[in-house]
Amino acid sequence: MQKKNTLGLAISLSLLVTASPSVLAAETAAAAGSGAAATDLDRIEVRAQLESQVRAVDLKRSSDAIEDAVSSDALGQYPDKNVAESLQRLPGISVTRDQGEGRFVVVRGLDANLNSVSVDGIAIGTPEDSSRAAPLDVIPSDSTERLRVVKSPTPDMPGDAIGGAILVESASAFDRDGRSLRGKIEASHQQLSGETSPKAAFNYSEVFNDTFGVALGVNYQKRKFESDNTEVEYDGEDDAAPGDVTAINLQHRKYEIERKRIGANLNLDWHPNDDSKYYLRALYSQFDDAETRQRVIFNFDDAKMVKTATDQYRLDGMPKDSIDKRMRYRTKEENTFAASLGGENKLTNAVVDYKLGFTRTEERVNDEMEARFKLNGKAFNGTLDQSSRLPSYSFDNAQWLDNANYAFDRIVLSPKQVNDKEHSAQVNVRFDGDNSSIKFGLLGRWRDRDVNVDESELRVGPKIALSSWTTGSPDHRHGTLGDGMDSDAMRAYWAANGGQFSARPQDVGANAMTSLEEDYTASEDIFASYAMGTWDVGALRIIGGVRVENTRFKAEGNQVDVAANGRSYTVTPRVANSSYTNVLPGLHLRYDAADDWVLRASANKTVSRPSFGDISPRVGYSRGDEEVRLGNPELDPYESKNIDLSVEKYLGSTGIVSLGLFHKSIDGYIVETVRTNDPAYGGFDVSQPINGRKATVRGAELNWQQQLAFLPAGLDGLLVGASGTWLDTEFDAGIEDRVGEDFTLPRASKHVYSAHIGYEKYGLSTRLAAVYRSEYLDTIGKGRAFDIYVAPNTQLDFSLDYKFNANVSLYFEAQNLLDKPLELYQGTRSRTLQLEEYGRTYAVGLKVAL
C-alpha cells in the first residue's frame, strides 16, 4: 500500500453566538470582582477542563445514589471524543476495545452484558446478535451533554444494573445561557495508514420567551485507519514431546478500515409556568464500518514437528497445501434511534412525571464474503521458534509469497441482520412533606428482537486465479504477507460471476446449520412497580424502598439436525416461554457532615437477565462432528446482593477526594459448559450455557481531582487527578472438567488506574491523561494451559488548546502516545495468542467563537 508521508492538518471551526454577555466579558467581569482591571484583555482565560470538572463534581455531590459522572464544558465539549473512552476516566471503569477504539464499558470488573444503558432515561438495545451489551462507540460525544454511571441504583431506577446503570443525557436548551451556535470541523491522522480523516459537528440551541427551548445538533466523522494483527493457536501437537504445548497455527492479519459516524439530536422543551414542564428528546446515530481483512495462515501441525531445543522445532514435510491465503470484505451498518416524550406537573399535593419512549437498534451486514485459497506448490521444510513474544518461523522455499502458487478453495458468505425495538411507558408520583417524601412508580417495557445470522460455504464454481487479484505486499509490523490481495477486484469478480458458485452436496447440512442455528425471534415484556420513601433527619438522608420487576419472555428458534454424511438435515421449530419475578429492596443513607464531608452507604439487590443468545431455544445437532450446541431457555437471571460505602471530601467547587468500598455476591452467574456424559446425547460433546455457582466481587475505589489554586501565580492553573480501583473476584464456574477450581470473573482487571495533569491559564489549556488496566481473564478453556487472558494495557493521550483571543483558538491532540497494542495470551504470558497494533493518531484544529 502506498503510504502518505504528510501529517494531515485538522481545521476545526467553532462558532458561539449568545444572547448573554460573551465569554470574555464574563471572565473580565469575574476578574474585576477579584481586583483585576476590567479593561485588561491581554490574559485570556480558558476554563474548559475546569468547567467540565465542576459540573461533574456537582452531579456527584447532589446525587442520592452512589455515582460518578463526566460532563461537557460550557460549550458542550469533552476532553475525550468517544463516549466509552470518556467514561473510562471514572473510578472503577474500564473499556474493551475494537480496533483500538473503546466500545464496551466495564463497571467494577463486571461484563458489559450486566450493565443497563439508557439515553435520556430510555433503555436502548444492542446490535449484538446474542449479547445484551450495548456498544457505546456508536453514540458520538457531540450528541451528549453528560454521562453518568450509577453504581448503586435507588428503587426508583430500573433494577437491571448489577454492573451499573450508564445514563447518556443529551443537552437541553435550558442547559445553555441564551443562544448558542457552534460548528466544528476536524481531521485526524493515523500513523499506520498514513490517512487523514475529517470530522464535523454543528450545534444550536436557544430559549424563546424564557419558556420554549430548542436544541439540535448534527455531527459527522469519517476515519480511515489500519491495524496489524498476528494470532496464534496453541495445542498439544501429536509429534511434540509429552506435555508440550506448541504453536500449531499462526496467522498474520492486515485490516484496512473506513468508519463513518453520523449523529443527530433534537430536544424541545416547553416550560409554560413554574408548575409544568414538557419535553421531546430524539437522538439518532449511525455507525458504518467497511473492513477489508487480508490474512495468511501457516498450519505448522500439518508437518512433522521435531523438537531441537527448548521451544524450538524443525518442521519436516510441510504439505503443499499447508498455507492458506484469505481475503474478506464486509460493511457493517449499525443505527440507534431513541425518542422520548414526557412532562412533569406540580399538583396541589404531589408532583407527577411521565414519559413515553421508543428505541430502535439495527445491524445490517449484507455483503460479507471471504475468498479462501490454499498453497498449491510442492512440499517443503521449515523451523519454528516460540521462545520470543511471538513465534517466528522460516521455510526453505519462498513459493508461498507468490499469489500465482495458490489454488481456489471456497467462497464463504456471512450476512447478518439484527432488529431490536422497544416501547416503554412510565409514570412516577411523589408526595412531599416537610422533611420527607413518598414516591410511587410504574414502568412497562415491550421489547422485540429478530436475529438472522447466516453463513454458507460455496466450493463448486470457476477456479479463481488469485494472481488476477494481486496488489502490492501490505506493510505489516510482524512479518510479510507476501503478495497483497485487492478487495475491489474480489468484489468486482463476485458481482460478475457469483451466480456460478454453489455448495458441494456434502456441505448442504453444514450450511443449513450455520444459516439456521443462531436465528431466533424473541419478545420480552417487563412490568415494574416500586415504592420509595425519603426522610431527612438533620444532616442524614434515608432512602428506602422496594422494586418489583416481572419479566415475561418468549422466543422461537430452530433445532437443526445434520446427518452424519452432511448431505441432509431436518429443521424443527422450537418455542420457549418463561416468566419470573424479582423483588429488589434497597436502603440508601447519605450524611452531609461539616466541612464538606459526605458519607454514603447502601444495601440493595439488583438483577441482570440472561443474554438473548443464551436463552434462545436453539439446538445444533452435528452428527458428523459428534457435537451438540444448545441454548438454555431454563436459565435464571443473575441476582446480586450489593453493599456500598463511600466517604467524600469536597475541595471547594472544583475538587474531590473520595474512597469507596463495595461488595457484590452474585447468584446464578452464567457460564458456557461442555459435557460429555449427557444421557440425552450419548457419545456427543454437548455445549450449553448454565447457571454457575456464586460469584463474589470485592473492591475499593479511590479518586482525587483538584485545581491547585493555592499555588503561587502562574502555577495556580494546574489541574490534577488520579484514581485507582482494586478488585478481588472469585467465581466457581461449575465446569465439569474443572471441579474445585476457582476463577476470577471474566473481564475483571484486578487493578485499574487513571491519572491526568492539566494546565489552564493565559489562554493555554493542556492535558496529559493515562489509563492503566491490569490483565484479566477473557475465556475459560478446557484447562489452565488453555485459559485466555488479555494482557495489561496503558493508554496515554495528550491535548493542547491555545486561545489567541476571545474568538480564536488552536488545538492539537495525540492518542495512544505509547503505541500500545492489544495483546492476548494463552495460559502464560510467554504464549502470545493475539497481538494487534494500531499506531498513534494525531489531530490539529482551529476553533472560532463569535
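One can find the structure itself at the top, above this paragraph.
This section reports on the structure supplied with the text. Quick caveat: nothing in here was measured; it's all calculated off a predicted structure. (Residues numbered from 1 in each chain as written. Predicted model: local features only at pLDDT ≥ 70, side-chain atom pairs only at ≥ 80, totals over all residues. Heavy atoms only, no water.)

What follows is about the pairing of strand β18 (residues 380-385). The alternating pattern of β18 places F380, G382 and L384 on a buried face, while none of N381, T383 and D385, on the opposite face, is buried. Pairing of strand β14 (residues 312-318) with β18, which is carried by five bridges, proceeds in the antiparallel orientation. Of the residues in β18, the one forming a bridge with L315 is G382. Bridging between β18 and strand β19 (residues 392-395) involves four bridges; their strand directions are antiparallel. The partner of G382 across the bridge, within β19, is F395. (Buried < 20%, exposed > 50% of the residue type's maximum accessible area, 1.4 Å probe, protein only. Helix = DSSP H or I, 4+ residues; strand = E, 2+ residues; numbered from the N terminus. Pairing = 2+ DSSP bridges.)

Quick look at helix α4 (residues 487-497) now. All buried positions along α4 are accounted for by S487, M490, Y493, W494 and N497. Projected down its long axis, α4 carries its buried residues within an arc of 120°, all on one side. Facing away from the buried side of α4 by more than 90 degrees, the exposed set consists of A495 and A496. Against β12 (276-298), β15 (323-346), β17 (369-375), β20 (406-413), β23 (456-458) and β25 (484-485) lie the buried residues of α4. Near the N-terminus of α4, the side chain that reaches the backbone nitrogen of D488, with its oxygen 2.9 Å away, is that of D486. (Arc of directions from axis to C-beta. Contact = heavy atoms within 4.5 Å. Polar contact = N/O pair within 3.5 Å; in protein donor to acceptor, adjacent residues only side chain to side chain.)

With respect to topology, five strands assemble into an open sheet ordered β1-β6-β7-β4-β5, the strand pairing being mixed. Here the strands that pair on one side only, and so sit at the sheet edges, are β1 (66-71) and β5 (122-123). Across two bridges, the pairing between strand β4 (residues 116-119) and β5 is antiparallel. Of the residues in β5, the one forming a bridge with V119 is I122.

What follows covers the side chain of K416. Relative to the elements of secondary structure, K416 occurs in strand β21 (residues 416-432). With a relative accessible area of 19%, K416 lands in the buried category. Engagement of the side chain of K416 in a polar contact is seen with the side chain of E363, the distance being 3.1 Å. Discounting chain neighbours no more than four positions away, the residues touching K416 are D129, E363, R364, V365, N366, N452 and V453.

Another aspect to go through is the pattern of salt bridges. Counting across every chain of the model gives 77 salt bridges. The partner of R410 in a salt bridge is E457, with the nearest N and O atoms 2.8 Å apart. One end of the pair, R410, is in strand β20; the other, E457, is in strand β23, with 47 residues separating them in the sequence. (Salt bridge = Lys/Arg side-chain N within 4 Å of Asp/Glu carboxyl O.)

Turning our attention to the nonpolar core. Ranked by internal contacts, the top residues of the largest apolar core, which has 45 residues, are I323 and F395. With four residues, β17 is the single largest residue contributor to this core. Excluding its chain neighbours within four sequence positions, the residues that come into contact with I323 are V296, I297, F298, N299, F373, K374, L375, F380, F395, W400 and Y406. The next biggest cluster of nonpolar side chains, apart from the first, holds 24 residues, and it includes I162, Y638, A695 and Y825. (Core = buried A, V, L, I, M, F, W, Y, C linked by side-chain atoms within 4.5 Å.)

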